[in-house]
Amino acid sequence: RTWEDIQVGDDGVLRIEQPEGADWRLQQSAIPPDARRGVLRHVVVIWDVSVSAGDLDGDLKPSRAVAVANALITWVSNFFEQNPISRLAIVLAGRVLDSSGGEDREVMAGAQLWSPMASSPESHVKLLRAFAEQPRCAGQFSLQNALDLASTILLPLPAYATREVLLLVSSLSSCDPGDVRATIGEVRERCIRCSVLALQAETYICRLLATQTGGTFAVICDATHLSEELQAHLQPPALLRGPTSVQHSLIHMGLPAKVTTAQQLPCACHGTFSSVGYACTQCGAKACEIPCSCAVCGLVLVSSHHLARSTRHLMVLPAFERADKPPEEEAPAACIACAEPLNSSRPLWACPRCSSVGFCDSCNEYTHTTLRNCPHCELDGR
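(A) Spatial organisation of the packing of helix α4 (residues 180-189) against helix α5 (residues 204-213). It is at 9 Å that the axes of α4 and α5 come closest, and there the two elements cross at 20°. Classified by the angle their axes make, α4 and α5 are roughly parallel. Relative to α5, the crossing made by α4 is right-handed. For the pair formed by α4 and α5, the contact residues are Val-180, Arg-181, Ile-184, Val-187 and Arg-188 on the first element and Tyr-204, Ile-205, Leu-208, Leu-209, Gln-212 and Thr-213 on the second. Looking at side-chain class alone, the contact of α4 with α5 contains 7 nonpolar, 2 polar and 2 charged residues.

Structure, rendered in structure tokens:
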């Protein structure tokens, strides 16, 4: 009953009144601030491109597949912005080409590694834009085949990184060659977290997958809701506990310097000739871009800026508290962060660290989503 939250203010403007003690949506996370989170993430996006994804949808226009492609273009870029040393792959589920037997054959309910595991968004975004212009949706969705392929991709990767699957499903059924419950059990034993975004309605098997593996489940209402749910997966989730969880390990990394040569030399990763690159600190091999793993010695090459962006979620800014409104003669006339005039009908927010009172709603959200620091705490040296 969201319409009941709409109230008419004294100035005649319609506003959405939040219940007492409510805060903006990102502060309502059930994950405690001291939860262990992963710095390195390996994520496989399973995208349902079966015939159901090509159907016209009144909420996701012009079709579910195109709406998901447009949302993923933005999300992939934001993912690597906040997780620069993580890696991502995209798997298509539907009618795909299977080349496992040495020759290509068409499978009506299969899974295909569409965009291989990479540490930069360029290759993913290029394919997504091409799909959005010419969508290809056919075949049937198979949850079991998609999970088997995702497990094959994630298992060989190092155990010190998280293994995650994000499933975007449009179908209300799954055409599986075997027992999908057994596959879900194997995924759980391998400590692969699976989260599901259903584009039509909730199905029991998808809900079971998210529950058994410690992931999340949501049913998408419209394009805006889809973007919001995708944004919730930008921040690393709390690590799973158990014998197969992420292992504690010291990771050997190199901070290479950018070098420019008079002659164009090939890089070790792609063999492309260029005069600019990064020299591996261990073997001296040339890499065309970072972050990446050295193609010769396997050393992880990053920059200090990448490490800073990857670890900033470990220092969580505590949620601001709703402050009691002081008397009119003592109330601040403007927000103490942006200096915008405060409306008497809107709540005031206070930082629990420095006890600064007078943040508006916009600054409350901005400090937690973008700035990630309280400006008054920084001024006080806290």
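Text resumes after the structure shown.
(B) Highlighting the sheet that holds strand β13 (residues 292-293). Taken in spatial order, the 3 strands of this open sheet run β9-β14-β13, and their pairing is mixed. Strands with a single pairing partner mark the edges of an open sheet, and in this sheet they are β9 (253-254) and β13. One ladder, built from 2 bridges, connects β13 with strand β14 (residues 300-301); its direction is antiparallel. Counterpart to Ser-293 in the pairing with β14 is Val-300.

(C) Local environment of the environment of Ala-337. Looking at the element boundaries, Ala-337 is found in the loop between β15 (321-323) and β16 (348-350). The spatial distance from the C-alpha of Ala-337 to the C-alpha of Thr-367 is 9.5 Å, given a sequence separation of 30 residues. In this structure, Ala-337 is in contact with Phe-359 and Cys-363, ignoring residues within four places of it in sequence.

(D) Just the pattern of salt bridges, in detail. By the definition in use, this model includes 3 salt bridges. Salt-bridge contacts for Arg-64 lead to Asp-55; the nearest nitrogen and oxygen are separated by 4.0 Å. Arg-207 is the partner of Glu-202 in a salt bridge, and the nearest nitrogen-oxygen pair spans 3.2 Å. Overall, Glu-202 belongs to the partly exposed group, its relative accessible area being 45%. Judged by relative accessible area, Arg-207 falls into the partly exposed class, the value being 34%.

What counts as what
Per chain, the residues get numbers from 1 upward, laid out in the order the sequence is written. Local features in this predicted model are restricted to residues whose pLDDT is 70 or higher, and side-chain atom pairs enter the listing and the counts only when it is 80 or higher, whereas totals over whole chains, interfaces and linings include all residues. Values reported for side chains reflect all heavy atoms of the structure, with hydrogen atoms and water molecules removed beforehand. Each axis is a line fitted through C-alpha atoms, and for a helix only the stretch in contact is used; angles between axes span 0 to 180 degrees, taken between their N-to-C directions. Working definition: helices are DSSP H or I runs of at least four residues, strands are E runs of at least two. Numbering for both runs from the N terminus. These descriptions rest on fixed angle ranges, namely under 35 degrees for roughly parallel, over 145 for roughly antiparallel, 65 to 115 for roughly perpendicular, and the rest for oblique. Take the far helix as the reference: if the near one is turned anticlockwise from it by less than a right angle, the crossing is left-handed, and if turned clockwise, right-handed. We call two residues contacting when some pair of their heavy atoms lies within 4.5 Å. Residues are grouped as follows: Ala, Val, Leu, Ile, Met, Phe, Trp, Tyr, Cys and Pro are nonpolar; Asp, Glu, Lys and Arg are charged; every other residue, Gly included, is polar. Strands qualify as paired when DSSP identifies two bridges or more between them. Any carboxyl oxygen of Asp or Glu within 4 Å of a side-chain nitrogen of Lys or Arg constitutes a salt bridge here. The rule is simple: take the accessible area with a 1.4 Å probe, protein chains only, and divide by the maximum for that residue type; under 20% is buried, over 50% is exposed, in between is partly exposed.

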